[in-house]
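# Overview (structure and organization)
Given next are the chains, with one letter for each unit.
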Amino acid sequence: MTPDEPIMCSLEPGALRSRRDALLPGLIQHADRVEEIDAGYRLRFADAAHLLEVAAVIDTERQCCRFLAFRLTIEAGGGAMLLEITRPSGAREFLADLLRS
């Protein structure tokens, strides 16, 4: 992200609404837990059953919300899958609104 890149989604509101299920708001429905962390949010999934869906959401979101960073961890032995979504300072409200929509 460049310092002057805006903290906003590049999708138009209509496109955002129509694609909601394929973005973070749709993915959050599959999470066991959503927790706020210092720089953003962590979504916890019981296992990696939604791995391809998570990867597709990350790919889409990184293109329209270029200021977000994603970290995906899958615990050993078929354990939980964790997705951390972080943002630069000043974007917490935007990210909270996106996850609530």
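Note that the coordinates shown come from a computational prediction; the quantities given were computed from them, not determined experimentally.

This part takes up the overall build of the protein. What the protein contains, in helices and strands, is 4 helices and 4 strands. A separation of at least 24 residues holds for 61% of the contacts in the protein among residues at least 6 apart in sequence. Only carbon and sulfur atoms are counted for the fraction: they give 50% of the accessible area of the protein, which is about 5,900 Å².

Right, let's talk about the pattern of salt bridges for a bit. Between side chains of opposite charge, a pair can form as their charged atoms come close. Per the counting criterion, the structure on display carries 6 salt bridges. Residues Arg44 and Asp32 are paired through a salt bridge, measuring 3.1 Å at the closest nitrogen-oxygen approach. On the criterion of sequence distance, the pair formed by Arg44 in strand β2 (residues 40-45) and Asp32 in the loop between α2 (24-27) and β1 (33-37) is long-range, its members being 12 residues apart. The partly exposed category is assigned to Arg44, whose relative accessible area is 24%. Between Glu84 and Arg71 there is a salt bridge, and its shortest N-O distance comes to 3.5 Å. Taken together, the positions of Glu84 in strand β4 (residues 81-86) and Arg71 in strand β3 (residues 69-74) put the pair 13 residues apart, joining distant regions of the chain. The class for Glu84 is buried, based on a relative accessible area of 17%.

Turning to the nonpolar core, a few remarks are in order. Core analysis: the largest hydrophobic core is formed by 20 residues, its most contacted members being Phe45 and Leu83. Of all the secondary-structure elements, those providing two or more residues to this core are α2, β2, α3 (51-64), β4 and α4 (92-100). The biggest single contributor to this core is α3, with 4 residues. Apart from residues lying up to four places away in sequence, Leu83 is in contact with Leu27, Tyr41, Arg42, Leu43, Phe45, Val54, Ile58, Phe70, Arg71 and Leu72.

Read from one edge to the other, the open sheet built from 4 strands follows the order β1-β2-β4-β3, with strand pairing classed as antiparallel. If you trace the sheet from one side to the other, it starts and ends with β1 and β3, each paired once. For this sheet, the mean angle separating the axes of adjacent strands, direction not counted, is 20°. One ladder, built from 6 bridges, connects β2 with β4; its direction is antiparallel. Counterpart to Arg42 in the pairing with β4 is Glu84. The strands touched by α3 are β2, β3 and β4; relative to β3, the strand with the most contacts, the crossing angle is about 165°.

Its location among the elements puts Leu23 in the loop between α1 (13-18) and α2. Looking at Leu23, the relative accessible area reads 0%, which means it is buried.

The next thing to look at is the confidence of the model for the protein. Residues at a pLDDT of 70 or more form 73% of the protein, whose mean pLDDT is 80. Of all secondary-structure elements in the protein, the lowest mean pLDDT belongs to α1, at 62, while β3 reaches the highest, 94.

The rules behind these values
Residues numbered from 1 in each chain as written. Predicted model: local features only at pLDDT ≥ 70, side-chain atom pairs only at ≥ 80, totals over all residues. Heavy atoms only, no water. Helix = DSSP H or I, 4+ residues; strand = E, 2+ residues; numbered from the N terminus. Contact = heavy atoms within 4.5 Å. Areas by Shrake-Rupley, 256 points an atom, 1.4 Å probe, with all protein chains shown as cover. Salt bridge = Lys/Arg side-chain N within 4 Å of Asp/Glu carboxyl O. Buried < 20%, exposed > 50% of the residue type's maximum accessible area, 1.4 Å probe, protein only. Core = buried A, V, L, I, M, F, W, Y, C linked by side-chain atoms within 4.5 Å. Pairing = 2+ DSSP bridges. Axes fitted to C-alpha atoms, helices over the stretch in contact; angles between N-to-C directions. pLDDT = per-residue confidence, 0-100.

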